[in-house]
Structure formats: structure tokens, C-alpha cells
Amino acid sequence: MTRRRSFLASTTGVGALAFLGRLPSVSAEEAKMPPHLVRFHPEIEPLVRLLEDTPRERVLEEVAARVRKGLSYREVLAALMLAGVRSVQPRPVGFKFHAVLVVNSAHLASLASPDRERWLPIFWAIDQFKSSQAANVKEGNWLMGPVDESTVPQSHRAEQAFIAAMDNWDEAAADAAIVGLVRTTGANKLFEIFARYGARDFRDIGHKAIYVANSFRTLEVIGWHHAEPVLRSLAYALLDRSGAKENPAKADLPADRPFRQNLEAVKRIREGWLDGKANEGATKDCLQALRTGSASDLSDLTVKMLNDGVAPQSVFDAMFDGAGEMLMQAPGIVSLHAMTFTNAIHYAWHHVQSDETRRLLLLQNAAFLPLYRGERPDKGIHIDTLEPMATQAKGDEAVAEIFAEIGKDRLVAAKKMLGYLKEHSNAGPIADAARRLVFLKGNNSHDYKFSSAVLEDHEHLSQPWRDRLLAASVFYFRGSGEKDNDLVQRIHSALG
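None of these values were measured; they are calculated from a predicted model.

What counts as what
Residues numbered from 1 in each chain as written. Predicted model: local features only at pLDDT ≥ 70, side-chain atom pairs only at ≥ 80, totals over all residues. Heavy atoms only, no water. Helix = DSSP H or I, 4+ residues; strand = E, 2+ residues; numbered from the N terminus. Rg over C-alpha atoms; globule rule 2.2 N^0.38 Å. Buried < 20%, exposed > 50% of the residue type's maximum accessible area, 1.4 Å probe, protein only. Contact = heavy atoms within 4.5 Å. Areas by Shrake-Rupley, 256 points an atom, 1.4 Å probe, with all protein chains shown as cover. Lys, Arg positive; Asp, Glu negative; His and termini not counted. Charge placed at Lys NZ, Arg CZ, Asp CG, Glu CD. Axes fitted to C-alpha atoms, helices over the stretch in contact; angles between N-to-C directions. Parallel < 35°, antiparallel > 145°, perpendicular 65-115°, else oblique. Left-handed = near helix turned anticlockwise from the far one by under 90°. pLDDT = per-residue confidence, 0-100. Expected span 1.5 Å × (residues − 1). Polar contact = N/O pair within 3.5 Å; in protein donor to acceptor, adjacent residues only side chain to side chain. Phe/Tyr/Trp six-rings, centres within 6.5 Å; stacked < 30°, edge-to-face > 60°. Lys NZ or Arg CZ within 6 Å of the ring centre and 35° of its normal. Salt bridge = Lys/Arg side-chain N within 4 Å of Asp/Glu carboxyl O. Core = buried A, V, L, I, M, F, W, Y, C linked by side-chain atoms within 4.5 Å. Nonpolar A, V, L, I, M, F, W, Y, C, P; charged D, E, K, R; others polar.

Chemist: So what exactly am I meant to see when it comes to the overall build of the protein chain here?
Modeler: A tally of helices and strands in the protein chain yields 25 helices and 0 strands. A globule of 496 residues ought to have a C-alpha radius of gyration of about 23 Å, and the protein chain, at 23 Å, matches this closely. Its C-alpha atoms give the protein chain principal-axis dimensions of about 65 × 60 × 40 Å. Per-residue burial over the protein chain gives 59% buried out of 496 residues. Considering only contacts within the protein chain whose residues lie at least 6 apart along the sequence, 81% involve residues at least 24 apart. Surface summary for the protein chain: the accessible area is close to 19,900 Å², and the carbon and sulfur share equals 51%. Across the protein chain, the 61 positively charged side chains and the 62 negatively charged ones have centroids separated by 3 Å.

Here's what the structure looks like:
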């Protein structure tokens, strides 16, 4: 009982995280405030340079000192994003570049935290940036170069120039065109364009789509006036060929085939496809197909379901839970990205306006999931047949039991999670505990990326699929018995 009470104390912010009270708290209103209502310093450049130039062992202390003097949460978030995009190479779109990819995930974790704890994910992300910056230096010290103003197209030509450059995988032309486009075009139009290119190919295991969603989501918070360097980085990232010598525009490479096939497949989807009805049987059929089918099989099945009157929601239910089942069968980085990729596509699907783009995003999500599965055989652990198991404890103690079980047997923990959710309609205590354990135990960007994605996605699914997704997530959640990370103590020290 003592160990469970200790765990509960650590996951409510009392004790291990109490030292964060030495910083000004960040209210929910401040964290969510629209950018045009936020007062920025006249120049954010000095703060960006502070993050870039201060040694890793001192940067947390320097930022904490400025926060005490009035530096705002949003200013720190903006400087962190800008420092990352201009001093960490976005190729490959992953690895060290997670310093940028994780900024939105850290922000989401902050939003979901109590006021006094909102600084912790951001301080963690600052430390992650310094680690990635050091890796970037070792790998050649890439830095974003200045804009060649002589090559920037005029406003009436910028959109066509950018699309042509992206279609032709022309890096120099794309860099010039995006500068002209971002200076004269609104965020919604640009997101529409980038969403298609983010889902275009399977290079970098879905990180391109993840970067599209996370960069635009971060810009929504820090302000569109910071968009130019962010979207220059994004365009450069989306043109990563992963070492292929051939120009993908002139070759038939495996990473590009689903997109080319689905450009034709979207034409077969009926009018009124958005008016379909929820169909649990269709979700189960799609899950079964995800276990054995090819990329083209899943695209064709999705077209058929939509034409048969199945709601897109039922297809997304299968995709999310199919990604969760992959994590159950093969816990690790590849399966994890099936989840975070689906999160990014789902976000884009809800924010684009073009009907064709929405069809295309749905088919690309369906086609890419089998690519995450690869040739791995079905191990027989299925998310739709997972049986709930009762916990020995009740209430908050039951949550403690589940997270303690993660360190012993994750399948048992998943069953207990499902049993808990069957008895409790509110998943809040589970989400709070999972998030706090990331703060205390997490040691890489994927802890934040995964937890922020799955805790967001859980709210978007139908029952019974939402509970099953959360249960499957224990295959990557941190357990309460794991070693605390070093960063909490470092932040504690930084705050004196």
C-alpha cells in the first residue's frame, strides 16, 4: 500500500514536481491565448541566440532566470521552435530532428498539465534541442542559409512555382518559392498544399506527415509571423529522398507507389461519401485486413467501404486500433510511428478543405499501415479480442496497480486497463498518470510524441475502440517502477 501511495503522490505533482512552484505558473488561458493577443518582445532573436549559444549544462538556468523576470511561456516556445528549425538539419526527418518534431507534443503535454507543471515539458524540450544541436554539429554543422532574394518569385507566381518545384523534387526552387508563398498566402491555403506533400511518400516512416501537422500546430500557438523559417525547413524536409539517387518524379520507387495509385483510386469514391453510417462490423473487417493485406489491398478496401456507405469514422477507428495492435505485437519505434503518423493524418484530414485531399489522406493512411507491419507474421495478439481483467485495487489505487503492472507484464497491464475503463467512463486518471510518468521517467522524444498523440486520439474514437486503443498503449507507456530520468533533478537544480 505504501508503494502505491508513493506512486499516486508522484503522479499528482506533489513531491517530485513540487519544486516547479519556484517558477511563475502558466495558466490555461495564457497557454491557449490566440497569438495576436500575446505581446512578444520586439525582437525574439536574442532569446533564440541564447538557446543556440548557451552550453547545455547552463541553458536551463539561463532560461529559468529570464522566466522569473517575466519571459512568457509562448516566447520560450517560439524561440525553441525557431532555434530548432535553423540549427538542426531536417534530414533524415527523425533522429536528431526530433528536437523540432517534439515541440508541439511538449506543448500539448503542457496544456494538459496543472498550471504549476506547464514549464516541465518545455524545459525538457530545451534540453532535447541542445542534445540534437550537438549531434548536428558532429554531423557537419548544417545551418539554414539566408534567403536568396533574387530567386524569390513574385506573389502571383509563387504558388505555381512551389507546386512545380515540389512535384519535381527541386530543392533550390522550392526554397525560393516557399519564401514568396509564405509572405503572401494565408496559413489555411499553405496547410492544404503541405498536407498532400507530407503524405506523398513513405520515406522517413511517416515523419514527413508528422512534421507537417506539428509545424502548423506550433505556428498556431506562436504566431504566423514566425512561419517563414519554419516552412523553409519543412519544404526541405519533405524533399528528402532517403539516399535515393533517382529523382522520384522520374522513377518508380516503392515509397512513392501508394500515392500514385491512390491519386487514381480517389476518383472511384462516390459522391456523398462523408454521409456514411457507423459500422462496427466494417471496423473489424478492416482490422483483419490490416493483419495480412498489402498497401493496395487496404486502399481498395477503404474505397469499397466508403462506397458501401460506411462512415469515415469507422475506417479511422480501425486505423487507430490497427496501429495499436501493431504496437502490441511488436513494441518498438516502427509500430509507434504507425500511431503518430495516423494521428498526424487524422489532424490533417479534419483541417483541409479540399474533398479530394481528404479522400487522398484517408487512402494514404490505409495504404501506409501495412508498410509499418511489413512481413512480420501475425502473433495472434488482437486488440479486438483482448479480454478485460479486474484490478485487485479500486479507484485511484487501481490506476497505480495498472502502471506498476507495466514493468512486469504489459499484456496483463493492458487487460487491467481495459477492465478499469469498462468500470470507469472517465479516463482522466489514466491520462494524468501516464503523462506524469513521462515527466518523471521519460528519456526520449518518443515518450512525449506517443503519449501526446494517443491521449489526444483516444478522445476521437468511437466505443469500444477508444478504450481498446488506450489499453494497447501500455505497450509503450512508462511504468511506475522504472528509474526516474535525470532531467527532473537538473531542472530542480536549475531553479536553485
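Chemist: What should I look at first to understand the packing of helix 3 (residues 45-53) against helix 5 (residues 73-87) in this one?
Modeler: Contact geometry for helix 3 and helix 5: axes closest at 9 Å, N-to-C directions at 60°. One element, helix 3, and the other, helix 5, form an angle in the oblique class. For the crossing formed where helix 3 meets helix 5, the hand is right-handed. Between helix 3, through E45, L47, V48, R49, L51 and E52, and helix 5, the contact on the second element is made entirely by E75, V76, A79, L80, L82, A83, R86 and S87.

Chemist: Just checking my understanding: could you explain the environment of E117 for this structure?
Modeler: Within the element layout of this structure, E117 appears in the loop between helix 7 (103-111) and helix 8 (119-138). For E117, a relative accessible area of 0% gives the class buried. Taking the C-alpha atoms as reference points, E117 and P24, 93 residues apart in sequence, are found 10.0 Å from one another.

Chemist: Explain the confidence of the model for the protein chain to me, please; I cannot follow it from the model alone.
Modeler: Detailed reading of the predicted coordinates is not advisable wherever pLDDT falls low. The pLDDT averaged across the protein chain works out to 92; a share of 92% of its residues lies at or above 70. Contacts from residues 33-42, a stretch scored under 50 in pLDDT, to residues over four places away or in other chains number 18 contacts.

Chemist: I keep staring at helix 10 (residues 171-182) and nothing clicks. Help me out?
Modeler: Because each turn of an α-helix spans 3.6 residues, side chains separated by three or four positions in sequence point in the same direction. For helix 10, with 12 residues, the first-to-last C-alpha span of 16 Å sits near the 16 Å given by 1.5 Å per residue. Contacts from the buried residues of helix 10 go to helix 9 (155-167), helix 11 (187-198) and helix 13 (227-238). Its side-chain oxygen placed 3.4 Å from the backbone nitrogen of A172, D170 serves as the N-cap of helix 10.

Chemist: Just to check I follow, could you spell out the packing of aromatic side chains for this structure?
Modeler: For any pair of aromatic rings, geometry is given as the distance between the ring centres together with the angle between the planes. Inspection of every chain in the model, using the stated rule, returns 21 aromatic pairs. Pairing F202 with F368 gives two aromatic rings, centres 5.1 Å apart and planes at 70°, and the pair type is edge-to-face. Taken together, the residues span a long stretch of sequence, with F202 in the loop between helix 11 and helix 12 (207-222) and F368 in helix 19 (residues 355-373) at a distance of 166 residues. No difference in accessibility class separates F202 from F368, as the two residues are buried. Among the aromatic residues, those joined into a ring-pair cluster are F162, F191, F194, F216, W224 and Y347. Above the ring of W349, the side-chain terminus of R358 is found at 3.8 Å from the ring centroid.

Chemist: What's the story with the pattern of salt bridges in this structure? I'm lost.
Modeler: Pairing between side chains of opposite charge can happen when the charged atoms of each approach one another. If you walk through the whole model with that rule in mind, you get 35 salt bridges. In this structure, E456 and R217 form a salt bridge, with 2.6 Å as the shortest nitrogen-oxygen distance. Of this pair, E456 sits in helix 23 (residues 445-457) while R217 sits in helix 12, and the two are 239 residues apart along the sequence. What you see here is one network of salt bridges that share partners, running through E45, R49, E52, D53 and R86.

Chemist: Explain unusual backbone geometry here, please?
Modeler: When glycine is set aside, most residues are seen to have a negative phi, and most peptide bonds are trans. With an omega of -10°, the peptide bond between R91 and P92 qualifies as cis. Relative to the helices and strands, P92 resides in the loop between helix 5 and helix 6 (98-101). Of note, the bond from Q463 into P464 is cis; its omega dihedral lies within 30 degrees of zero at 10°. Here P464 shows up in the loop between helix 23 and helix 24 (465-472). Positive phi outside glycine occurs at F95, with the angle close to 50°. One can find F95 in the loop between helix 5 and helix 6. Classification of F95 by relative accessible area gives exposed; the value is 68%.

Chemist: Please clarify how the nonpolar core should be interpreted in this entry.
Modeler: The nonpolar side chains of soluble globular proteins are, as a tendency, buried together. Judged by nonpolar contacts, the single largest core of 161 residues is most densely connected at F162, F194, L231, F403 and F477. Non-local contacts of F477, meaning those with residues more than four positions away in its chain, are made with F403, I406, R410, A434, F450, S451, V454, L455, L470 and E482.

Chemist: Which parts of the structure should I look at to understand the packing of helix 22 (residues 428-441) against helix 23?
Modeler: A packed helix pair is summarised by two numbers, namely the angle formed by the two axes and the spacing between the axes. It is at 10 Å that the axes of helix 22 and helix 23 come closest, and there the two elements cross at 170°. Classified by the angle their axes make, helix 22 and helix 23 are roughly antiparallel. Contacts between helix 22 and helix 23 involve A431, R435, V438 and F439 from the former and D447, Y448, S451 and L455 from the latter. A per-class count over the contact of helix 22 with helix 23 returns 5 nonpolar, 1 polar and 2 charged.

Chemist: Looking at this model, I keep getting lost on the environment of A174. Mind explaining?
Modeler: Summarising the element assignment, A174 is placed in helix 10. Residue class for A174 comes out buried when judged on its relative accessible area of 1%. Sequence spacing of A174 and A164 is 10 residues, and the spatial spacing of their C-alpha atoms is 8.2 Å. Look past the residues within four positions of A174 in its chain and what remains in contact with it is F162, A165, M166 and L239.

Chemist: Which parts of the structure should I look at to understand the environment of M339?
Modeler: As for its placement among the helices and strands, M339 is situated in helix 18 (residues 333-351). On the basis of relative accessibility, which here comes to 1%, the residue M339 falls in the buried class. For M339 and L327, which are 12 residues apart along the polypeptide, the C-alpha to C-alpha distance reads 8.4 Å.

Chemist: Before we go on, may I ask you to explain the side chain of D317 in this structure?
Modeler: Relative to the elements of secondary structure, D317 occurs in helix 17 (residues 312-329). Here D317 occupies a buried position and makes no salt bridge, while the nearest side chain of opposite charge, R466, is found at 7.9 Å. Not counting chain neighbours up to four residues away, the residues in contact with D317 comprise T283, L461, S462 and W465.

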